[in-house]
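What the coordinates show
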Amino acid sequence: LGHELREISRRGGRVHLRFGTESGTREQFAEQVIVAIPPHLLATVTNDFPRSVRDALLVPEPRPAVKIFLTYDTRWWERELGIYGGTSYPEGLINRLWYPSDGFDAEGGTLVAYSVGEAASTLDAMDSGQRCQLAIETVDRMHSGVPEARHPAGVSSISWSRVPGIEGAWVNWPSYQEPAYLRLL
């Protein structure tokens, strides 16, 4: 943890890894390595991969997604609306609202506002406070008859494009028959 992969190469039949750390550089050798770095970031790491692999890493595009967590002291959506889990699809920048599918009739709970695609790119450009305010307004608009919808006990957000080490929620390939995709399998 706290290490950033800077180089991956083969040396003498072993895998050589060079990491950047807070205190400098660290090197490690291994017999085998499982790399769980998104392809668009692995492409930026110095490596001795074959040209076809390096090219293939550049093909998929990272996709933006934003999640906003609205925590309430009561599960008003169950008590007032009879909603016990599921998803709503509001119009606007927030295009999904998830209701918890567990802990029914518990004291409190968390709704998750979610956005993908171009809407997520727009939300990504906002600061967390703006995203959270928009989520509260969206929930209030959808459930305007329930005053508690306007008053979450806590709100936080995450934009996956801003998370170091992943910089996107997932990647999209032009096709799963894409030669680049098949090359990396």
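The residue numbers shown here count from 1 along each chain, following its written sequence. Restriction of local features to residues with pLDDT of at least 70 applies here, the model being predicted, together with a cutoff of 80 or more for giving and counting side-chain atom pairs; totals for whole chains, interfaces and linings are based on all residues. Remark: hydrogens and water are excluded; side-chain values derive from all non-hydrogen atoms of the structure.

1. Notes on the overall build of the chain
Secondary structure counts use DSSP, requiring at least four H or I residues in a row for a helix and at least two E residues in a row for a strand, with both numbered from the N terminus. Each helix and strand counted, the chain has six helices and 11 strands in total. Taken against the 2.2 N^0.38 rule, which gives 16 Å for 185 residues, the C-alpha radius of gyration of the chain at 22 Å runs more than 25% over that of a compact globule. Each residue's exposure class comes from its accessible area (1.4 Å probe, protein chains only) as a fraction of the maximum for that residue type: buried when under 20%, exposed when over 50%, partly exposed otherwise. Counting only residues that meet the buried cut, the chain has 38% of its 185 residues in that class. Whether two residues touch is decided by their heavy atoms; if any such pair falls within 4.5 Å, the residues are in contact. Counted over contacts in the chain with a minimum sequence separation of 6, partners at least 24 positions apart contribute 59%. Of the roughly 10800 Å² of accessible surface on the chain, a fraction of 51% belongs to carbon and sulfur atoms. Positive charges come from Lys and Arg alone, negative charges from Asp and Glu alone, with His and the N- and C-terminal ends not counted. In this description, the location of a charge corresponds to atom NZ of lysine, CZ of arginine, CG of aspartate or CD of glutamate. The distance from the centre of the 18 positive side-chain charges to the centre of the 23 negative ones in the chain is 9 Å. Here the globule rule reads 2.2 Å times residues to the power 0.38, and the radius of gyration is calculated from C-alpha atoms. A 1.4 Å probe and the Shrake-Rupley method give the accessible areas. Residues count as covered only by the protein chains that appear here.

2. So, the pattern of salt bridges
One speaks of a salt bridge when a side-chain nitrogen belonging to Lys or Arg is within 4 Å of a carboxyl oxygen belonging to Asp or Glu. Under the criterion given, the structure shown has nine salt bridges. Across the pair Asp55 and Arg51 runs a salt bridge whose closest N-O atoms are separated by 3.9 Å. Of this pair, Asp55 and Arg51 both sit in helix α2 (residues 51–57), four residues apart, which is roughly one turn of that helix. The exposure class assigned to Asp55 is partly exposed, which follows from its relative accessible area of 39%. Of the residues examined, Arg51 reaches a relative accessible area of 54% and is grouped as exposed. Between Arg79 and Glu148 there is a salt bridge whose closest N-O contact spans 2.3 Å. Highlighted residues: Arg79 in helix α3 (residues 76–79) and Glu148 in the loop between α5 (128–142) and β10 (154–159), separated in sequence by 69 residues. One salt-bridge network, held together by shared partners, links Glu7, Arg11 and Arg18.

3. Regarding α5
Any helix carries an expected span of 1.5 Å times its number of residues minus one. Over its 15 residues, α5 extends 21 Å from the first C-alpha to the last, a length consistent with the 21 Å expected when each residue adds 1.5 Å. Here a polar contact is taken to be a pair of N or O atoms separated by no more than 3.5 Å, where protein atoms must pair a possible hydrogen donor with a possible acceptor and residues adjacent in sequence count only if both atoms sit in side chains. Its side-chain oxygen 3.0 Å from the backbone nitrogen of Gly129, Asp127 forms the N-cap of α5.

4. A few points about the pairing of strand β3 (residues 24–30)
A pair of strands counts as paired when DSSP detects no fewer than two bridges linking them. Pairing of strand β2 (residues 14–21) with β3 involves seven bridges; the strand directions are antiparallel. Each residue of the ladder has a partner; that of His16, found in β3, is Phe29. Where β2 folds back onto β3 in an antiparallel hairpin, the turn is made up of two residues.

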